[in-house]
Amino acid sequence: MTNSPQICTRCTINATVPQARFDENGMCNYCALHDEMDKEFPLTAEGQNNIDKIITDIKTTGRSKKYDCIIGVSGGRDSTYTLYRAKQWGLRPLAVYFNDGFGNPVAGQNMKRATSKLGVEMRTITADWRESKCLKVACLKASTPDLNLSADLGIASALYGVAVAENLRYILIGQSFRTEGIAPLEWNYLDGKYLATIHKQFGAIPLRKWRPDDPGFNLNLIHMAYYVGWRRIRTITPLYYLQYVRSEVDEIITRELDWVKPGAHYGDDLYQSLLSYILRTKFKIDRRRYNDAALVRSGQMTRETALKELENVGEIEDPNVIDLCIKRLGLTQKELNEILDAPVKTFWDYPNLMSTLRRFSPVIKFFSKLDLIPKSSYKKYCEDHLVSPEYAASSRERADFQ
Amino acid sequence: MIDREFRIGMGQLLVEGGEPERNLERVTEIISQSANLGCDCLLLPETLDLTWTHPSAKTEAKPIPGPYSDIICQQAQKHGLFICAGLTELAGSKVYNTAILVNDSGEIILKYRKINVLDVGKEFYAIGQSLSVVETPFGMVGVNICSDNYVDAVDIGYTLARMGAQLILSPSSWTVDYNLIESDNPYGAKWFKPYHHLAQMFDLTIINASSVGVIHGGPYEGKKMVGCSLAVNANGVIVQGPYNEFAGDLTIANIKLSKRLETGTDIGTMLKRKNGHLKV
């Protein structure tokens, strides 16, 4: 008989989750990080004042412009609701969708209906499918869990690119730590140098060069410095300031915007089906472990229900959509088997920006205080919550030495 | 022939390369939607089953009549409307880029195989060998496909017009580069020019429905389709579909076709009078 891994007494994080640590009450460090974020973004009058001030700033800064901010949209719940609230606040957003060739048609209809009903203009930034496909396959071959690294980075760079093209300083993204949770670094890591390395090692075609208003898949440190430091483009996560209850939001956007749920969480992106399947079968990762943990912490799901759901394969793993993804990438069964059989790696196995980010953490902290970078990103990459104590100590030593 | 106004839906269908079941599911939805909105006729895009120049054309094409055209025929009968749609047709050892016109009883009343096949399409599609028109309750209808209306292929439209077409229906897959955005004019005068020329010369109406979606696979990888379907008559644009690359759309127009006065050799005289023949 084998011992079951320790499970947090409050959420669903267990000892198999990288860097999971438990206190004397059996509560995990991910819960501690959640509570810290909860204090920084209180759902009180103070939190309301903070978001009111941001809205005023957005309106003031964008007064003479056609739009006053950009909102990243995908047709999923979070971004649709963000768009809806932005209009209620009197903002004049430009909705930006990054099309990497795997959009769910149901989510596409949602975007069309929502922007039409709200009177919001759309801007679609389409990846060159040849680049998009090349990077997806390269990430598969890199054998790390960051299988959607190119899309995540492409979304960020597309938003920055449109901000430059339209001379706007505010980007709003529909992300909520209270419902999505915080992914372990080893399960979900994102930086431009890392993607560039993977492309260099496994990519089949060259990528187009960076341009401020057309960055493509390039978002290295120097590009970030340009967007954040020079252009002072701020990325705001409005849902952090709101009581964001999924079931209530579903009811609102269905009623007001004819929104249709595009399947499971992350279902707005067809590629998530293949991704979830590979994460589960090859990497033994179920993202619901940290997604549902957040819902449990915020009282939107019972711990028992969440743990019970983890016993079953996620609804997102639709075999037909998995087949579609494999076909669309042009992978043969042999190639797929080789990918599935390759030894598991993490971002630590490739050159990346982690040590640079840690070295410059005071600067990044400063930027996050100005909302130039989401606070959650600072906490994830620059604080010690999600790295091993040994790495935390060694990176502090390096910083002291310098 | 009934001389009356009719209601046509231009169905800008989202098509996914090599995914006929998913594409035909959306076909069924848009047929039902257009029937609910009172359309007499629905025009759908080119090769809507597999997507234009998708490599699956070589292995997945089906005969006409066949499983995919049967779905369209059944739906036409069920909802009582005419449907014109583009499919990938397997005929013996050849594959054609084909369009069918189905009447409201679910019968295929016209089948046309594309003639002006682009160079990049020739590895997938054989060249069609005939043109025809058919009488319908709305008027005499001719069918061609997408690049059959290129400015240097306008003789195809001329032939349909000479056969008496008052209306040309043209299932299409108009493609653009991936980096186009909503504020761009995707085609300039590329399509309007030959459409308007034909309409003016023969006092006919020409309508297309173009697909939407990213092109996955084949020689046009890296391009996309953004709709902006077009209905044109002698007076200019009647209606244009919206720009979209991720969601289908149904644009509806009420059309009354003009009577074609000239037939046979009168047409040559009429063309001389109008200084006909497009300057290419």
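Residues numbered from 1 in each chain as written. Chains lettered and ligands numbered in written order. Predicted model: local features only at pLDDT ≥ 70, side-chain atom pairs only at ≥ 80, totals over all residues. Heavy atoms only, no water.

**What to know about the sheet that holds strand β6 (residues 133-136) of chain B**
Residue and element names in this part refer to chain B.
Argument step 1. Here we have six strands laid out as an open sheet, ordered β6-β7-β8-β10-β13-β14, and mixed in their pairing. In this open sheet, the two edge strands, each paired with only one partner strand, are β6 and β14 (236-240). With direction set aside, neighbouring strand axes in the sheet form an average angle of 25°.
Argument step 2. Judged from the four bridges that link them, strand β13 (residues 230-233) and β14 form a sheet pairing that is antiparallel. Bridge pairing in β14 links Val 232 to Val 237.
Argument step 3. The sheet contacts of helix α5 (residues 192-202) involve β8 (167-172), β10 (205-210), β13 and β14, and relative to β13 the element is tilted by about 35°. (Pairing = 2+ DSSP bridges. Helix = DSSP H or I, 4+ residues; strand = E, 2+ residues; numbered from the N terminus. Axes fitted to C-alpha atoms, helices over the stretch in contact; angles between N-to-C directions. Contact = heavy atoms within 4.5 Å.)

**What about the nonpolar core?**
Argument step 1. Membership of the largest hydrophobic core comes to 122 residues, with the highest contact counts inside it found for Ile 13, Tyr 81, Tyr 189 and Leu 329 of chain A.
Argument step 2. Broken down by element, the residue count for this core peaks at eight residues, all from helix α6 (residues 149-165) of chain A.
Argument step 3. Residues in contact with Ile 13 of chain A, not counting those within four places in the same chain, are Gln 6, Ile 7, Cys 8, Ala 20, Phe 22, Cys 28, Tyr 30, Arg 289, Tyr 290, Ala 293 and Arg 297 of chain A.
Argument step 4. Judged by nonpolar contacts, the second largest core, of 55 residues, contains Cys 41, Leu 43, Leu 110 and Ile 156 of chain B. (Core = buried A, V, L, I, M, F, W, Y, C linked by side-chain atoms within 4.5 Å. Buried < 20%, exposed > 50% of the residue type's maximum accessible area, 1.4 Å probe, protein only.)

**Structural notes on the interface of chain B and chain A**
Argument step 1. The interface is formed by 23 residues belonging to chain B together with 24 residues belonging to chain A.
Argument step 2. When chain B packs against chain A, close to 2000 Å² is buried across both sides, 53% of that on carbon and sulfur atoms.
Argument step 3. For chain B, the biggest contributors to the area lost against chain A are Tyr 178, His 216 and Phe 246 of chain B; these three give 33% of the whole.
Argument step 4. Where chain B packs against chain A, one counts four salt bridges.
Argument step 5. For the salt bridge of Glu 16 of chain B with Arg 328 of chain A, the shortest nitrogen-to-oxygen distance reads 3.1 Å.
Argument step 6. Here chain B and chain A share 14 residue pairs in polar contact (both at pLDDT 80 or more) between them.
Argument step 7. Looking at the side of chain B that touches chain A, its residues break down into eight nonpolar, six polar and nine charged. (Buried area = accessible area lost by both parts, 1.4 Å probe. Salt bridge = Lys/Arg side-chain N within 4 Å of Asp/Glu carboxyl O. Polar contact = N/O pair within 3.5 Å; in protein donor to acceptor, adjacent residues only side chain to side chain. Nonpolar A, V, L, I, M, F, W, Y, C, P; charged D, E, K, R; others polar.)

**Observations regarding the side chain of Arg 289 of chain A**
Residues and elements named next belong to chain A.
Argument step 1. Relative to the helices and strands, Arg 289 is located in helix α12 (residues 288-297).
Argument step 2. For the buried Arg 289, no salt bridge exists, and the shortest N-O distance to an oppositely charged side chain is 6.9 Å, to Asp 286.
Argument step 3. Look past the residues within four positions of Arg 289 in its chain and what remains in contact with it is Thr 12, Ile 13, Asn 14, Val 17, Trp 187, Leu 307 and Leu 310. (Lys, Arg positive; Asp, Glu negative; His and termini not counted.)

**Observations concerning the layout of surface pockets**
Argument step 1. Estimates place the volume of the second largest pocket at around 870 Å³.
Argument step 2. Considering the residues around the second largest pocket, the lining is formed by 31 residues, among which Asn 104, Pro 105 and Val 106 of chain A together with Arg 26 and Glu 29 of chain B are closest to the centre.
Argument step 3. Mapped onto the lining of the second largest pocket, the elements with two or more residues apiece are α4 (105-118) of chain A together with α1 (20-36) and β15 (249-255) of chain B.
Argument step 4. The element best represented in the lining of the second largest pocket is α1 of chain B, accounting for six residues.
Argument step 5. For the lining of the second largest pocket, the per-class residue count stands at 13 nonpolar, eight polar and ten charged. (1 Å grid on protein atoms, 1.4 Å probe; cavity = no way out; pocket = protein on both sides within 12 Å on 5 of 7 lines; lining within 4 Å. Points joined across faces, edges and corners; volume = space filled by probe spheres on them.)

**Concerning the pattern of salt bridges**
Residue and element names in this part refer to chain A.
Argument step 1. Counting across every chain of the model gives 40 salt bridges over all chains.
Argument step 2. A salt bridge links Asp 57 to Arg 234; the shortest N-O distance between them is 3.9 Å. Residue Asp 57 is located in helix α2 (residues 45-61), and its partner Arg 234 is located in strand β5 (residues 234-236); the two are separated by 177 residues in the primary sequence.
Argument step 3. Judged by its relative accessible area of 13%, Arg 234 falls in the buried class.
Argument step 4. Here Asp 371 and Arg 234 are joined by a salt bridge, their closest N and O atoms 3.3 Å apart. Of this pair, Asp 371 sits in the loop between α17 (361-369) and α18 (375-382) while Arg 234 sits in strand β5, and the two are 137 residues apart along the sequence. The pair formed by Asp 371 and Arg 234 is uniform in burial state, with each residue classed as buried.
Argument step 5. In the salt-bridge network here, residues are joined through shared partners; they are Lys 53, Asp 57, Arg 234, Asp 371 and Lys 375.

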